[in-house]
Amino acid sequence: MEFLLRDKKFRELLKGHSREILEYLIRKNINFSIVCNVNRVKFEPELPDSIRGTFSDLTVFILAGYTFESLELDSNNLYFEAGFGEENLGSFVTTPIDSIVQILLPNDEDLRADFCVYVNLFATFMEAEQNQNGEEEGISSSMKALLANPKNKRFKK
């Protein structure tokens, strides 16, 4: 499994398959849900900790109604607008396609269970690999961001 996890061609194959399914569902106007590795999902504006803290590592996003209408897809990401929490706080969501663990279709006959039409178990491992490869880069960019504010120059040693 580690060999496949590190195999770029295999990961691209999974991403392409996921993207094709997403394109098809969007083109056919079929509502669906995605289960994502939420650690790789970006929210703009950022969600408050009181909302973000309620997400588990794998979180379901139901893409229906206005959220479905706001869907956009490119070669790397799925974008949508959604409301979160009791106040329905709006945020633009960027979901890397390779962070999608499952694509689910609603089961109209049994509301307790959806049909799973796509599974990518490798998406659950992606963050760990990226953190190992980009840890120094992340520290460097964090430091640049910190020092970009003139008030923080005193922290530079």
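What you are looking at is a predicted structure, and each value in this text was computed from that prediction instead of being measured.

Procedures and definitions
Residues numbered from 1 in each chain as written. Predicted model: local features only at pLDDT ≥ 70, side-chain atom pairs only at ≥ 80, totals over all residues. Heavy atoms only, no water. Helix = DSSP H or I, 4+ residues; strand = E, 2+ residues; numbered from the N terminus. Buried < 20%, exposed > 50% of the residue type's maximum accessible area, 1.4 Å probe, protein only. Polar contact = N/O pair within 3.5 Å; in protein donor to acceptor, adjacent residues only side chain to side chain. Core = buried A, V, L, I, M, F, W, Y, C linked by side-chain atoms within 4.5 Å. Contact = heavy atoms within 4.5 Å. pLDDT = per-residue confidence, 0-100. Pairing = 2+ DSSP bridges. Expected span 1.5 Å × (residues − 1). Arc of directions from axis to C-beta. Axes fitted to C-alpha atoms, helices over the stretch in contact; angles between N-to-C directions.

## A look at the environment of Thr 54
- Note that Thr 54 resides in the loop between helix 3 (49-52) and strand 3 (58-63).
- Residue class for Thr 54 comes out exposed when judged on its relative accessible area of 60%.
- Taking the C-alpha atoms as reference points, Thr 54 and Gly 85, 31 residues apart in sequence, are found 9.4 Å from one another.
- Side-chain polar atoms of Thr 54 contact the backbone oxygen of Ile 51, separated by 2.6 Å.

## Observations concerning the nonpolar core
- Core analysis: the biggest nonpolar cluster contains 27 residues, and Phe 32, Ile 34, Phe 43, Phe 61, Phe 80, Phe 84 and Ile 103 have the highest contact counts within it.
- When residues of this core are traced back to their parent elements, those giving at least two are helix 2 (8-27), strand 1 (32-37), strand 3, strand 5 (77-84) and strand 7 (100-105).
- If we ignore the near neighbours within four places in the chain, the residues touching Ile 34 are Leu 22, Thr 59, Val 60, Phe 61, Leu 63, Leu 78, Phe 80, Thr 95, Ile 100, Gln 102 and Ile 103.

## Quick word on the confidence of the model for the chain
- The pLDDT averaged across the chain works out to 83; a share of 78% of its residues lies at or above 70.
- Here residues 151-157 scores under 50 on pLDDT; set against residues more than four positions off or in separate chains, the count is four contacts.

## Comments concerning the pairing of strand 3
- Alternating positions in strand 3 separate cleanly, Thr 59, Phe 61 and Leu 63 being buried on one face and Leu 58, Val 60 and Ile 62 remaining unburied on the opposite face.
- Pairing analysis gives six bridges linking strand 1 to strand 3, with the strands arranged antiparallel. By the bridge assignment, Ile 34 is partnered in strand 3 with Phe 61.

## Some details on helix 2
- Over its 20 residues, helix 2 extends 28 Å from the first C-alpha to the last, a length consistent with the 28 Å expected when each residue adds 1.5 Å.
- Looking at helix 2, one finds that the buried residues are Leu 14, Lys 15, Ser 18, Ile 21, Leu 22 and Leu 25. One side of helix 2 carries all its buried residues, which in axial view fall inside an arc of 125°. Every exposed residue of helix 2 that faces more than 90 degrees away from the buried side is listed here: Lys 8, Lys 9, Leu 13, Glu 20 and Arg 27.

## Focus on the sheet that holds strand 3
- If you walk across this open sheet you meet the four strands as 3-1-7-8, and the pairing is antiparallel. Each having just a single partner strand, strand 3 and strand 8 (115-119) make up the two edges of the open sheet. Put simply, the sheet's adjacent strands are angled 25° from each other on average, direction ignored.
- Taken together, the four bridges between strand 1 and strand 7 define a ladder with antiparallel strand orientation. From the neighbouring strand, Cys 36 faces strand 7, where its bridge partner is Ile 100.
- Helix-sheet contacts for helix 2 involve strand 1, strand 7 and strand 8, and the interaxial angle to strand 7 is about 30°.

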